[in-house]
Amino acid sequence: MTKSKEDDDKELYQFVASMPKVELHAHLNGCIREETLFDLARQKNVELPAKLFSLDHHTNNDDHVNSFMYNVKPRSLTDCFDMFAVIPKCVNDLASLERITREALQDFANHHVAYLELRSTPKRINQSLSKRQYVETILRVMKEFQEVEEERYQQQSTSTSSTETTTRLPMKCRFLVSIDRSGSVHEAQENADLAIEFSQQPNSLVVGMDIGGNPTKNDFTDFKPALSRARKAGLKTTVHCGEVPVAAGPDDTDPRLAKARDEVLAIFEFRPDRLGHALLLPESLRNELTTLQVPVESCPTSNVMTLELAKHMGGDLIHGLRQHPQLQYWLDDNYPISIGTDDPGVFNTDATQELVLLAKAQEGVTTETLKRIVLDSVNHAFCNVELKDQMKQLMGEFFATMEQV
Ligand code: 6MZ
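Residues numbered from 1 in each chain as written. Predicted model: local features only at pLDDT ≥ 70, side-chain atom pairs only at ≥ 80, totals over all residues. Heavy atoms only, no water.

An unreviewed UniProt entry lists the chain under the name Adenosine deaminase, with Seminavis robusta as the source organism. We quote the UniProt Catalytic activity (unreviewed entry) comment for the chain here in full: "N(6)-methyl-AMP + H2O + H(+) = IMP + methylamine". As stated in UniProt under Pathway (unreviewed entry), the record for the chain gives "Purine metabolism; purine nucleoside salvage." (UniProt positions renumbered as here; feature names shortened; annotations may be inferred.)

Undergrad: Explain the overall build of the chain here, please?
TA: Per the secondary structure count, the chain includes 15 helices and 8 strands. By the compact-globule yardstick of 22 Å for 405 residues, the chain fits well, its C-alpha radius of gyration being 21 Å. When its C-alpha atoms are laid out on the principal axes, the chain stretches across 65 × 50 × 45 Å. Going through the 405 residues of the chain one by one, you find that 56% of them count as buried. Within the chain, contacts between residues separated by at least 24 positions form 77% of all contacts whose residues are at least 6 apart in sequence. (Helix = DSSP H or I, 4+ residues; strand = E, 2+ residues; numbered from the N terminus. Rg over C-alpha atoms; globule rule 2.2 N^0.38 Å. Buried < 20%, exposed > 50% of the residue type's maximum accessible area, 1.4 Å probe, protein only. Contact = heavy atoms within 4.5 Å.)

Undergrad: I'm lost on the sheet that holds strand β7 (residues 296–298) in this one. Help?
TA: Strand pairing in a sheet is mediated by backbone hydrogen bonds. Such pairs are either parallel or antiparallel. Ordered by their spatial adjacency, 8 strands build an open sheet running β1-β2-β3-β4-β5-β6-β7-β8, and the pairing between neighbours is parallel. Only two strands of the sheet have a single neighbouring strand rather than two, namely β1 (21–27) and β8 (337–339). Ignoring which end each strand starts from, the neighbouring axes of this sheet average 25 degrees apart. Relative to strand β2 (residues 113–120), β1 runs parallel, the two being bridged by 5 bridges. Its bridge partner being in β2, H27 is matched across the sheet by R119. (Pairing = 2+ DSSP bridges. Axes fitted to C-alpha atoms, helices over the stretch in contact; angles between N-to-C directions.)

Undergrad: Explain the site of the ligand to me, please; I cannot follow it from the model alone.
TA: By nearness alone, 19 residues border the ligand, and N29, S120, T121, K123 and D343 come closest of all. Within the side chain of K123, an N or O atom sits 2.5 Å from an oxygen atom of the ligand. D342 is positioned with one of its side-chain polar atoms (N or O) 3.2 Å from a nitrogen atom of the ligand. Relative to its unbound accessible surface of 510 Å², the ligand loses 96% to contact with the protein. (Near = heavy atom within 4 Å. Polar contact = N/O pair within 3.5 Å; in protein donor to acceptor, adjacent residues only side chain to side chain. Areas by Shrake-Rupley, 256 points an atom, 1.4 Å probe, with all protein chains shown as cover.)

Undergrad: Would you mind showing me how to read the pattern of salt bridges here?
TA: Any two side chains of opposite charge can pair, on the condition that their charged atoms come close. Using the criterion set out here, one finds 31 salt bridges in the structure. One network of salt bridges, in which partners are shared, links R33, D39, R42, R99, E103 and D107. (Salt bridge = Lys/Arg side-chain N within 4 Å of Asp/Glu carboxyl O.)

Undergrad: Looking at this structure, how should I read the packing of aromatic side chains?
TA: Two descriptors summarise a pair of aromatic rings, namely the distance from one centre to the other and the angle between the planes of the rings. As enumerated under the stated definition, the model contains 4 aromatic pairs in all. Taking the centre distance of 5.3 Å and the plane angle of 65 degrees together, the rings of F38 and F53 count as edge-to-face. Here F38 is found in helix α2 (residues 34–43), whereas its partner F53 is found in the loop between α2 and α3 (77–90), with 15 residues between them in sequence. Take F53: its relative accessible area is 16%, and that puts it in the buried class. (Phe/Tyr/Trp six-rings, centres within 6.5 Å; stacked < 30°, edge-to-face > 60°.)

Undergrad: How do you make sense of unusual backbone geometry when you look at a structure like this?
TA: With glycine set apart, most residues show a phi of negative sign, and most peptide bonds adopt trans. Located in the positive-phi region is N45, a residue other than glycine, with phi close to 55 degrees. Tracing the backbone through its elements, the reader meets N45 in the loop between α2 and α3. A positive phi angle is found at Q293, which is not glycine, with a value near 60 degrees. Among the structural elements, Q293 can be located in the loop between α9 (283–292) and β7.

Undergrad: Sorry, what's going on with the side chain of K123 here?
TA: The topology assignment puts K123 in the loop between β2 and α5 (131–158). Nearest to the buried, unbridged K123 among oppositely charged side chains is D180, at 7.1 Å. A distance of 2.8 Å separates a polar atom in the side chain of K123 from the backbone oxygen of T121. Once residues within four sequence positions are removed from consideration, K123 is found in contact with N29, P88, L129, S130, K131 and Y134. (Lys, Arg positive; Asp, Glu negative; His and termini not counted.)

Undergrad: Help me understand the packing of helix α7 (residues 220–232) against helix α8 (residues 255–270), please; the structure alone is not making it clear to me.
TA: In helix packing, the relevant descriptors are the interaxial angle and the interaxial distance, both defined with respect to the helix axes. Where α7 contacts α8, the axes come no closer than 11 Å and their chain directions differ by 10 degrees. Here α8 runs roughly parallel to α7, going by the angle between their axes. Contacts between α7 and α8 pair F220, T221, K224, L227, S228 and R231 from the former with E263, A266, I267 and F270 from the latter. (Parallel < 35°, antiparallel > 145°, perpendicular 65-115°, else oblique.)

Undergrad: Which parts of the structure should I look at to understand the environment of D332?
TA: Counting through the fold element by element, D332 comes out in helix α12 (residues 327–333). D332 gets classed as exposed once you look at its relative accessible area, which sits at 56%. It is 9.5 Å that separates the C-alpha atoms of D332 and E363, two residues lying 31 residues apart in sequence.

Undergrad: Help me out: how do you make sense of the side chain of S18 in this one?
TA: Relative to the helices and strands, S18 is located in helix α1 (residues 5–18). Classification of S18 as buried rests on a relative accessible area of 15%. Polar side-chain contacts of S18 include one of 3.1 Å to the backbone oxygen of F15.

Undergrad: What am I meant to see in helix α13 (residues 351–361) here?
TA: An α-helical turn contains 3.6 residues, so a residue and the one three or four places further along point in the same direction. Counted residue by residue, α13 has 11 buried out of 11 residues, so it is predominantly covered. With a side-chain oxygen positioned 3.0 Å from the backbone nitrogen of T352, the residue opening α13 is D350.

Undergrad: Would you take a moment to explain the packing of α8 against α9 for this structure?
TA: Following both chains from N to C, one finds α8 and α9 inclined at 5 degrees, their axes separated by 11 Å at the closest point. Taken as axis vectors, α8 and α9 run roughly parallel relative to one another. Listed contacts from α9 to R261, V264, L265 and F268 of α8 are S284, L285, E288, L289 and L292. Classifying every residue of the contact of α8 with α9 by side-chain character gives 6 nonpolar, 1 polar and 2 charged. (Nonpolar A, V, L, I, M, F, W, Y, C, P; charged D, E, K, R; others polar.)

Here's what the structure looks like:
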């Protein structure tokens, strides 16, 4: 009997769901589950802006297997920053911070993420909680989670009843301290102090720093000194790049486009260990990046949403991703990329969905390609070489046991 398209889709989904994955680009507050956000908003009497939670796209898609490939909740760049303004009002004490951290870790583990780098901007979330306590809390939850994962894995390895589909590797977690570019330079320096201090503790999970936040605010160069200091202290760095339109060349006099171009050039010159998104690069800058070979953290659903690529396509993420300005070039060139979720709570996605979307949208992406991208992205991780080698070995062994689809 020949297989239907629906069977193929199911098989692909199951394969991707069970494969070990690497997540290098996820913002903690952007991981908040929608039901948790609603619950906390109720508890804390926070009014959530109705426009951000209404269903805008009613697709007439009757393909149930692929129905998650439609963005029923489109969120533009402005919408997501409106959400980032309201989420911290709900996550305003130790209990809620612990909760969103634990739930985020559980969600990634449920999607068989074997190595996670989670990032967050330290916040004084209320009068009695310092930025240091904010970071300490996340690190404590991560350590506890890793211990439980290790125990589960040991038991699973010795149990005769576990099957390939229920088996997954124990999730290892590392943390990046973020700088929010819409904040002050003073705040950024405070965050760098914390990142450096925590990274120097024994067995620290803090391995790097990130610059993110609203790309229309301030400038990368304002925050470069804080990032340079972290790098000198041994931390790895990643910078969000090219999220707003960039001038095609030096002759373009539109001040906004020219500023964006100068900023990308300054980021390239800094040469971070990785780049976030690198989305709207004109050809000359794409070529420059090809020379630099700085690995890119690409986040398909997030990119489709913030660039509104599916807006005129009934919310179809697959067609939206085919309009991605860079992805096909990177895939054709075997450019070093990892695939991330960015803000799974805000963009209604998960680690499995991102890889399935990639395979369905981009020409020539097979399950072999997905395995290669995932294994390759271990090389871009900010953890030490020992853990990278261990991850590569465990993941390689796991892939060898998986039946091809
Ligand atoms: C730039 C982003 C982002 O740090 O409070 N953030 N920055 N571009 C994006 N793409 C859409 N998505 C998230 O997590 C939320 C913060 O992460 C950054 C923003 O600074 C946002 O406020 P934390 O845990």
